[in-house]
Every structure is written in C-alpha cells, then in structure tokens.
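Read off the chains here:
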Amino acid sequence: MGNDNWPEVGEFVVCTVKNVTDFGAYVELEEFGGREGFIHISEIKAGWVKYVRDYVREGQKIVCKVLNVDPSRGHIDLSLKDVNEHQRRAKIQEWKNEQKAAKWLQFVAEETKTDEDNLKTLHEKLVEEFGSAYSAFEEAAIEGEKAFKGIKVNKKYLKSIVKIAGENIKLPFVDIAGYVDLTCNLPNGIEVIKQALSAANSISDVDGKDVRLEVSYTGAPRYRIKVIAPDYKKAESVLKKSAQTAVDTIAKLGGHGTFKRHIESAKA
C-alpha cells in the first residue's frame, strides 16, 4: 500500500537507486508512491567522492535522510551520508515489517471480502491509531481485541486482524509502543529535546537487562517509545515510566511534553 503523501524533512526513507550520474544519484522512495528523490554527490559520503558508483549502484536498496521537500516542484533532496548503520538497520527492519503488515491486510481483505478502497481506509486508520500497521498487528497479537478498545474499527476487521496476528506474530517477549510529543521554543530547544529523550532512554538501564527500550523519531514533534520486555505488565510499566521521564525532563528545562499510548484520531 503506497503512501501518496510527501516525506517530512528529517525522516528516514527506504529508496531504490534508479540512475547514477557523475553528480549524484536519482532514487525512488519505496514508501511514498514511488516519488523520485535526488542525492547530490556531496551527500553520498563524508569527504571527497570521485566516483558516485563506488558507493551506490542501480537497483540497490538504501536508506536516506530527507533534507528538503518541495512539492510545488516535485523535488526531494536526500542524504546518504547522514544515516548511520544503526539507523539504516532500524529503518530497513521497519520497512520490512510494514511490507509484512501490508500482506496481512490483504489476508484480512480476502477473509472479510473487503474492496481496495475500504482496505485503504482501514490501513490509514491503523496507522493513525498505532503509528504503523505492523504495530497494530503487534498489539493485536499481545492484547487481542482489547488492543482496539475505544477505537472505531468494524468488528469483522477486528476479529480478522486478531486472528491473523496470532497466526503470524510469535512473541517470546512482549513488544509495545507509545508516543511522546515534545516541543521547546527556546533557542536551545533541539538540545532540550535531546536531553529529554536521553533521560527517557536511560529507563531501561534502571529496569534491568531483560528490558529493551528504543526511542525513534516519527515526525515533529512526535517520538515513538518501543519497549520489549518478558511480560506485558513489565513492558507497560517501563513504557509509562520512560514517557513520563521525557515529559518531566522537558518541562523542567522549559519545554512541553505529552504522552499518548495510542495516536489519537484526527477529528473532522
């Protein structure tokens, strides 16, 4: 299910290299309906680059950071050098997970006899509520129908999602996520947000080696906190503690933060 929107500046995107030139590379953004982006030679690698083909080739899958977006001109400027190995691996895994979720949603469509338009609407709803379709299936595998409490999803879709999630996601550990919105208008606002996120990330050190916590950027001002723990109770406790730490830290430093277990629906 392609995304017809545009990426946000600072976002990491999965790309397929389409054409390599002497001055850069043209790529296709996999998650944005095949929109074209460009990586200038200066953004290929830190330092001097003589031949672009020494670093990228046609058909290669790469992860880039969005530097600039100009919808009026259809331009997306990207950077390859601004993506480290950890960010690359995390983004590729996220992309693969969403591909799995897209396939599972097709199973849901077949099982419930749902057409493409309604399937697209369902996909958008899951992304809106859970941050990603894969996260929705994860939550369904962990909590069953309770994961959708307070969320308007047709009962036939809900039952099918829970069933397919249970068949396809094996969770030796509980894996949950929540979101914090962090803002700071001070001159050093970016540094303040970084301190808040660092404080949130340190919670896993306090709660033991059997807990894994990941904080990732999803689009200003939102950050995703993902927790993997031996059981749901532990995971939920660490998630809330981490999120509250971020909110409290940024408040003390002159900013503002809010925690959301699920992303709230936009109201018309």
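Reference entry: report on the structure contained in this document. Remember, it's a predicted structure, so these values are computed and weren't measured experimentally. (Residues numbered from 1 in each chain as written. Predicted model: local features only at pLDDT ≥ 70, side-chain atom pairs only at ≥ 80, totals over all residues. Heavy atoms only, no water.)

Remarks on the pattern of salt bridges
For step 1, the next point in the chain: Per the counting criterion, the structure on display carries 15 salt bridges.
For step 2, the next point in the chain: Between Glu 58 and Arg 53 there is a salt bridge, with its nearest N and O atoms 2.9 Å apart.
For step 3, the next point in the chain: Given the relative accessible area of 35%, Glu 58 is considered partly exposed.
For step 4, the next point in the chain: With its nearest N and O atoms 3.2 Å apart, the salt bridge here joins Glu 167 to Lys 163. In this pair, Glu 167 and Lys 163 are both assigned in helix H4 (residues 155–168), four residues apart and thus about one turn of the helix distant.
For step 5, the next point in the chain: Owing to a relative accessible area of 45%, Glu 167 belongs among the partly exposed residues under this scheme.
For step 6, the next point in the chain: The network of salt bridges with shared partners includes Glu 31, Lys 91 and Glu 94. (Salt bridge = Lys/Arg side-chain N within 4 Å of Asp/Glu carboxyl O. Buried < 20%, exposed > 50% of the residue type's maximum accessible area, 1.4 Å probe, protein only. Helix = DSSP H or I, 4+ residues; strand = E, 2+ residues; numbered from the N terminus.)

So, the pairing of strand S3 (residues 36–40)
Within a regular strand, the side chains alternate between the two sheet faces.
For step 1, the next point in the chain: Note that strand S2 (residues 24–29) and S3 share five bridges and pair antiparallel. From the neighbouring strand, Tyr 26 faces S3, where its bridge partner is Phe 38. (Pairing = 2+ DSSP bridges.)

A short note on the sheet that holds S2
For step 1, the next point in the chain: Strand order in the closed barrel formed by five strands is S1-S2-S3-S5-S4, and the pairing between neighbours is mixed. Direction aside, neighbouring strands of the sheet carry axes that sit 50 degrees apart on average.
For step 2, the next point in the chain: Relative to strand S4 (residues 61–70), strand S1 (residues 12–21) runs antiparallel, the two sharing five bridges. Within the sheet, the bridge partner assigned to Cys 15 lies in S4 and is Ile 62.
For step 3, the next point in the chain: In the packing of helix H1 (residues 85–112) onto the sheet, contacts are made with S1 and S4, and the angle to S1 comes to roughly 100 degrees. (Axes fitted to C-alpha atoms, helices over the stretch in contact; angles between N-to-C directions. Contact = heavy atoms within 4.5 Å.)

Side note on the sheet that holds strand S8 (residues 222–229)
For step 1, the next point in the chain: As summarised here, the arrangement of the four strands in space is S7-S8-S6-S9, forming an open sheet in which the pairing is antiparallel. Single-partner strands in this sheet number two, and they are strand S7 (212–219) and strand S9 (256–260). Pairwise comparison of adjacent strand axes, ignoring direction, gives a mean angle of 25 degrees for this sheet.
For step 2, the next point in the chain: By the bridge criterion, seven bridges tie S7 to S8 in an arrangement that is antiparallel. Of the residues in S8, the one forming a bridge with Arg 212 is Ile 228.
For step 3, the next point in the chain: Docked against the sheet, helix H7 (residues 232–252) engages strand S6 (174–183), S7, S8 and S9, running at close to 10 degrees with respect to S6.

Things to note about helix H2 (residues 116–130)
Residues that lie three or four places apart on an α-helix share one face, since the helix turns once every 3.6 residues.
For step 1, the next point in the chain: The end-to-end C-alpha distance of H2 is 21 Å, a good match for the 21 Å that 15 residues give at a rise of 1.5 Å each.
For step 2, the next point in the chain: Every buried residue of H2 is listed here: Leu 119, Leu 122, His 123, Lys 125, Leu 126, Glu 129 and Phe 130. The buried residues of H2 occupy one face: seen down the axis, they fall within an arc of 160 degrees. Across from the buried face of H2, at angles greater than 90 degrees, the exposed residues are Glu 116 and Asp 117.
For step 3, the next point in the chain: Contacts from the buried residues of H2 go to H1, helix H3 (133–143), H4 and S6.
For step 4, the next point in the chain: Two or three places before Asp 117, at the opening of H2, Asp 115 has a side-chain oxygen 3.3 Å from that residue's backbone nitrogen.
For step 5, the next point in the chain: Phi turns positive one or two residues past the end of H2, at Gly 131, with a value near 95 degrees. (Expected span 1.5 Å × (residues − 1). Arc of directions from axis to C-beta. Polar contact = N/O pair within 3.5 Å; in protein donor to acceptor, adjacent residues only side chain to side chain.)

Brief notes about empty space enclosed by the protein
To find leftover empty space, a probe the size of one water molecule is rolled over the atoms.
For step 1, the next point in the chain: With the rule as written, the count across this model stands at one cavity of 30 Å³ or more.
For step 2, the next point in the chain: Lining the largest cavity are eleven residues, and of these Phe 130, Ser 135, Glu 139, Ala 177 and Arg 224 sit closest to its centre.
For step 3, the next point in the chain: Top element by residues in the lining of the largest cavity is S6. It accounts for four residues.
For step 4, the next point in the chain: Tallied by class, residues from the lining of the largest cavity come to four nonpolar, two polar and five charged. (1 Å grid on protein atoms, 1.4 Å probe; cavity = no way out; pocket = protein on both sides within 12 Å on 5 of 7 lines; lining within 4 Å. Points joined across faces, edges and corners; volume = space filled by probe spheres on them. Nonpolar A, V, L, I, M, F, W, Y, C, P; charged D, E, K, R; others polar.)

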